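So the chains spell out like this:
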Protein chains: 2
Amino acid sequence: MNIKDIAQIANVGVSTVSRVLNGHPDVKDETRAKVLAVIKKNNYIPNNSARVLKQTNTRNIGILVKGVFNPFFSEILKTVSTGVENAGYTMILQHHNNENDIDTLLGFIKEKKLQGVICLGGNFLDLTDEVLAEISTAIVLVSVDSVTRKNLKRCSSISIDNQQASYMAVNYLINNGHHEIGLMLGEVVDFGIGKERYEGYKKALADHHIPFNEKYVLYGGFECKGAYDKTIEFLKKEKQITAIFAISDIMAVGVAKATANLGYTIGKDISIMGFDGMDFATYYEPSIATIKQPKQDMGLRSVDLLLNLLSGKAENAHIFLDVKLVEGGSCQSI
Amino acid sequence: MNIKDIAQIANVGVSTVSRVLNGHPDVKDETRAKVLAVIKKNNYIPNNSARVLKQTNTRNIGILVKGVFNPFFSEILKTVSTGVENAGYTMILQHHNNENDIDTLLGFIKEKKLQGVICLGGNFLDLTDEVLAEISTAIVLVSVDSVTRKNLKRCSSISIDNQQASYMAVNYLINNGHHEIGLMLGEVVDFGIGKERYEGYKKALADHHIPFNEKYVLYGGFECKGAYDKTIEFLKKEKQITAIFAISDIMAVGVAKATANLGYTIGKDISIMGFDGMDFATYYEPSIATIKQPKQDMGLRSVDLLLNLLSGKAENAHIFLDVKLVEGGSCQSI
DNA sequence: CTGAAAGCGCTAACAG
DNA sequence: CTGTTAGCGCTTTCAG
């Protein structure tokens, strides 16, 4: 069942069917009704590929997710997918773990003829306006490293200031009297947000004249279990530790469980901070203090921006959203 | 830059380029190398739409997610997306909340020329082999209602026995001495897995001659907050309650927090069971007892089955995977 | 307002 | 082994 069949059954030309399909105004109401009726009766659905092949306007939006499919991205994804679909676009999700995020992005755009892409995570430090000049695709980078600071004119970004957010967390711990603060990062090699949060940690220590100790830096692999295991091992050796800052809530939960199992009372014997602002951390007992990222807003604004970019209603922009330090029973003064 | 350009530059015909692209064997090594070089030098990437338009073999696999993008689905999605991409397929993700899951599925298949679909969630009770006879798309339903029991010959499914799993949980609570057991469901209207778990709850009570009390059934909307609020309200009225079974871990966390805030000691004053087997529940303090679904396995097996269905290596099948009751400090005998 | 016809970029006969 | 060519189903001029 294709457009030709419909045209034949409805006794009109294919172009008329096409016009009806695309909501062009210059079709007689009567004809439109007839065509619509035939379409409905035959359950006809236009072939997307043919349409995309022909049009420059493919209505394809890609979502490129880098690395682990963490719950934080999932929440953004939820918002984004709703927005993209409501706007009548097709959403193509690609998940990768390649070295070169830029090449992956470029390939994705060409292959799928994307009109727009939202990248969740990844490292785009080497991205330049020259590279982007070759393509006319709208690009919004979400939650990526500080490429945003380069003020590229041919792409947009929505992010938070990771270094400052991390600084805020560590500073808060220090102001609560903590000096021996462990840091739970994800992977050892991380040139993206992990690195920036690492630097925020170091800076906060330095500003308070607290010496930095490499042994206090742990890598939990962004999973509960990793964080749990590393914390157990760590606290057995470093008994002077009074606080641990994990750069994701999921790891914070692992840290919390580890301290509890070691006999610490969370909040009293040890303070724990997370990062992201996930529900399950807020509803932990005690509530895990965290740096809350505006997840919903990040999703909403990235779709908004992308759609406005596509319709020419907006210019490329680099938007920094504010985070909020959410206090919780897991963090107390000493 | 298209196939014709490449052919011209490489001084060969388009079909040769096409053959190289598709790994056909009958190309002279020398020619292949030449073409490959030109492709690489020009950063040529074939247009997917044209390929899909032409081929029956579109290499498009759709993932249709129904309802909330919960963390449980996200985990499956992670596994699935990796599998689909490794097999060289394009993954098109669609997220919907329509009434009619079957029509949505059918439309999705036609529009995107899908060769296979994996449905996460949804209600396919009205699905029949007659409807499926019209399409030649491989379909794997994952985590859906008991349509699986109808033994459709033209689609597959991977699921757990929700009623029995729920029965197992409630039975466990009862055997631990609990008689006044609250049930935290998601939405009031639910003809899918929610209903089956509801029935498992009722059946367990009945088998132990415990009267069913409609007031003990709560609806938390599959969110921490909803579960939290409803539990607070509930426990203020029904002080005789000694256990609550939530049909998702995320809600169990909300329930746990509520009981803690009301001054209950979890595990001692009240027992809590979850469902799914998510990390953050296991790492809760105390660990939340749960019915662990084989998430990883569900993802893996659905991709496997789908790919084998596509290559003719497997027949449609309805697979029930086993769940496991994981004990935890949140549940104790009284 | 409507129809005929030219491709979009690719694959796969088919012919060499 | 390789090139020529006919469409895949659709949109979009261009004529009516």
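For clarity, every value in this text was computed on a predicted model and none was experimentally measured.

### Quick look at the interface of chain B and chain A
Many authors give the size of an interface as the accessible area that is lost as the parts come together. With 45 residues of chain B at the interface, the matching set in chain A holds 45 residues. Where chain B abuts chain A, roughly 4,000 Å² becomes buried across the two surfaces, and 59% of that area is made up of carbon and sulfur atoms. Viewed at the interface, chain A and chain B are joined by two salt bridges. A salt bridge links B:K257 to A:E285, with the shortest nitrogen-to-oxygen separation between them at 3.1 Å. Contributions of two or more residues to the side of chain B that touches chain A are made by α4 (48-54), α5 (71-86), β2 (90-96), α6 (101-112), α10 (224-237), α11 (249-261) and α12 (279-282) of chain B. Of the residues in the side of chain B that touches chain A, the class split is 19 nonpolar, 15 polar and eleven charged.

### Some thoughts on the environment of A:E196
Mapping A:E196 onto the fold places it in helix α9 (residues 193-207). Looking at A:E196, the relative accessible area reads 10%, which means it is buried.

### Structural notes on the sheet that holds strand β12 (residues 324-326) of chain B
All names here are of chain B. Spatial ordering of the open sheet is given by β7-β6-β8-β9-β10-β12, a layout of six strands whose pairing is mixed. Of all strands in the sheet, those with a lone pairing partner are β7 (217-219) and β12, marking the two edges. Each neighbouring strand pair of the sheet contributes to a mean axis angle of 20°, computed without reference to strand direction. Pairing geometry for strand β8 (residues 243-246) and strand β9 (residues 271-276), over three bridges, is parallel. Following the sheet pairing, F245 is matched in β9 by M273. Here α11 sits on the sheet in contact with β6 (181-185), β8, β9 and β10 (289-292), set at roughly 160° to β9.

### A few points about the sheet that holds strand β7 (residues 217-219) of chain A
Residues and elements named next belong to chain A. The strand order β7-β6-β8-β9-β10-β12 describes an open sheet built from six strands, whose pairing is mixed. In the strand order of this sheet, the two ends are held by β7 and β12 (324-326), each with one partner. Pairwise comparison of adjacent strand axes, ignoring direction, gives a mean angle of 20° for this sheet. α9 contacts β6 (181-185), β7 and β9 (271-276) of the sheet and is inclined by roughly 175° relative to β6. Here helix α10 (residues 224-237) sits on the sheet and contacts β6, β7 and β8 (243-246); the angle it forms with β6, its principal contact strand, is near 155°.

### Quick notes on the UniProt feature "domain: HTH lacI-type" (unreviewed entry) in chain A
Following the UniProt record, the feature "domain: HTH lacI-type" (unreviewed entry) maps to residues 1-55 of chain A here. Structurally, residues 1-55 of chain A comprises 65% helix and 0% strand, and the distance from its first C-alpha atom to its last is 21 Å.

### Quick word on the packing of α10(B) against α11(B)
All names here are of chain B. Two elements in contact, α10 and α11, have axes separated by 7 Å at closest approach and are oriented at 40°. Between α10 and α11, the interaxial angle falls into the category oblique. Here α10 and α11 pass one another in a crossing that is right-handed. Of α11, the residues touching α10 (which contributes C224, A227, Y228, T231, I232 and L235) are I250, M251, V253, G254, V255, K257, A258, T259 and N261. Here the residues of the contact of α10 with α11 are counted per class, giving ten nonpolar, four polar and one charged.

### Let's talk about the protein's contact with DNA strand D
The local shell around DNA strand D holds 27 residues, among which A:I3, A:Y44, B:T16, B:R19 and B:T31 are the closest. Considering DNA strand D, the proportion of its atoms within 4 Å of the protein that are sugar or phosphate atoms stands at 54%. Between DNA strand D and the protein, one listed contact pairs a phosphate oxygen with a side-chain N or O atom of A:N22 at 3.1 Å. B:K28 places a main-chain nitrogen or oxygen 2.6 Å from a phosphate oxygen of DNA strand D. Elements supplying a minimum of two residues to the surface near DNA strand D: α2 (14-21) and α4 (48-54) of chain A together with α2 (14-21) and α4 of chain B. When the residues that make up the surface near DNA strand D are grouped by side-chain class, the tally is nine nonpolar, eleven polar and seven charged.

### Here we look at the protein's contact with DNA strand C
Around DNA strand C, the structure places 27 residues, and the nearest of them are A:T16, A:R19, A:T31, B:I3 and B:Y44. In DNA strand C, atoms within 4 Å of the protein come 56% from sugar and phosphate. Here a phosphate oxygen of DNA strand C and a side-chain polar atom of B:N2 are 3.4 Å apart. Within the side chain of B:N22, one N or O atom sits 3.2 Å away from a phosphate oxygen of DNA strand C. Classifying every residue of the surface near DNA strand C by side-chain character gives nine nonpolar, eleven polar and seven charged.

### Describing the relation of the copies chain B and chain A
Under the fitted operation, chain B is carried onto chain A by 0.0 Å of movement along the axis and a turn of 180°, and the coordinates agree to an RMSD of 0.1 Å. Those values place the two copies in the arrangement expected of a two-fold rotation axis. In this assembly, 100% of the residues forming the interface of chain B have copies in chain A that are likewise at the interface, indicating an isologous arrangement.

### A word on the pairing of β2(B)
All names here are of chain B. Taken across its seven residues, β2 has seven buried, putting it largely inside the fold. Alternating residues of β2 divide into T90, I92, Q94 and H96 and M91, L93 and H95, and every residue in both groups is buried. Of the strand pairs in this sheet, strand β1 (residues 60-66) and β2 are connected by seven bridges, and their pairing is parallel. The residue bridging N60 from the neighbouring strand is T90, located in β2.

### A closer look at the pattern of salt bridges
All names here are of chain B. Evaluation of the coordinates by the stated rule reveals nine salt bridges over all chains. In this structure, the salt-bridge partner of D207 is K203, at a minimum N-O distance of 3.7 Å. Taken together, the positions of D207 and K203, both in helix α9 (residues 193-207) and four residues apart, correspond to about one turn of that helix. Taking the relative accessible area as the measure of exposure, K203 reaches 41% and is therefore partly exposed. Note that K225 is salt-bridged to D229, the shortest N-O span being 2.8 Å. Remark: D229 and K225 occur in helix α10; sequence separation between them is four residues, near one turn of the helix. Overall, K225 belongs to the partly exposed group, its relative accessible area being 47%. Overall, D229 belongs to the partly exposed group, its relative accessible area being 33%.

Conventions adopted
Throughout this document, residue positions are counted from 1 along each chain, in the order its sequence is written. Going through the entries in the order they are written, you letter the chains from A and number the ligands from 1. It should be noted that, the model being predicted, local features are given only for residues of pLDDT at least 70 and side-chain atom pairs only at 80 or more, the latter also being counted only at that level, while totals for whole chains, interfaces and linings use all residues. For side-chain calculations, the full set of non-hydrogen atoms in the structure is used, while hydrogens and water are omitted. Contacts are assigned to residue pairs with any non-hydrogen atoms lying within 4.5 Å of each other. Here the buried area means the combined drop in accessible surface, using a 1.4 Å probe, for two parts upon being joined, counting both sides. Salt bridge criterion: a side-chain nitrogen from Lys or Arg within 4 Å of a carboxyl oxygen from Asp or Glu. Secondary structure elements follow DSSP: runs of H or I of four or more residues count as helices, runs of E of two or more count as strands, with numbering from the N terminus. When residue character is reported, Ala, Val, Leu, Ile, Met, Phe, Trp, Tyr, Cys and Pro are called nonpolar, Asp, Glu, Lys and Arg charged, and the others, Gly included, polar. Exposure is judged per residue with a 1.4 Å probe applied to protein chains only, and the accessible area is read against the type maximum: over 50% gives exposed, under 20% gives buried, and values in between give partly exposed. Any two strands with at least two DSSP-identified bridges between them are counted as paired. Angles run from 0 to 180 degrees between N-to-C directions of axes, and those axes are lines fitted to C-alpha atoms, restricted for helices to the stretch in contact. UniProt positions are given in the numbering used here, feature names are shortened, and annotations may be inferred rather than shown by experiment. In this scheme, roughly parallel covers angles under 35 degrees and roughly antiparallel covers those over 145, while 65 to 115 is roughly perpendicular and the rest are oblique. Crossing handedness is read from the near helix: turned anticlockwise from the far helix by less than a right angle, it gives a left-handed crossing, and turned clockwise, a right-handed one. In these notes, residues near a molecule or strand are those with any non-hydrogen atom within 4 Å of it. Here a polar contact means two N or O atoms within 3.5 Å. Within protein one must be a hydrogen donor candidate and the other an acceptor candidate, and residues neighboring in sequence count only if both atoms are side-chain atoms. Least squares is the method used to superpose the copies, on C-alpha atoms of residues holding a pLDDT of at least 70 in both.

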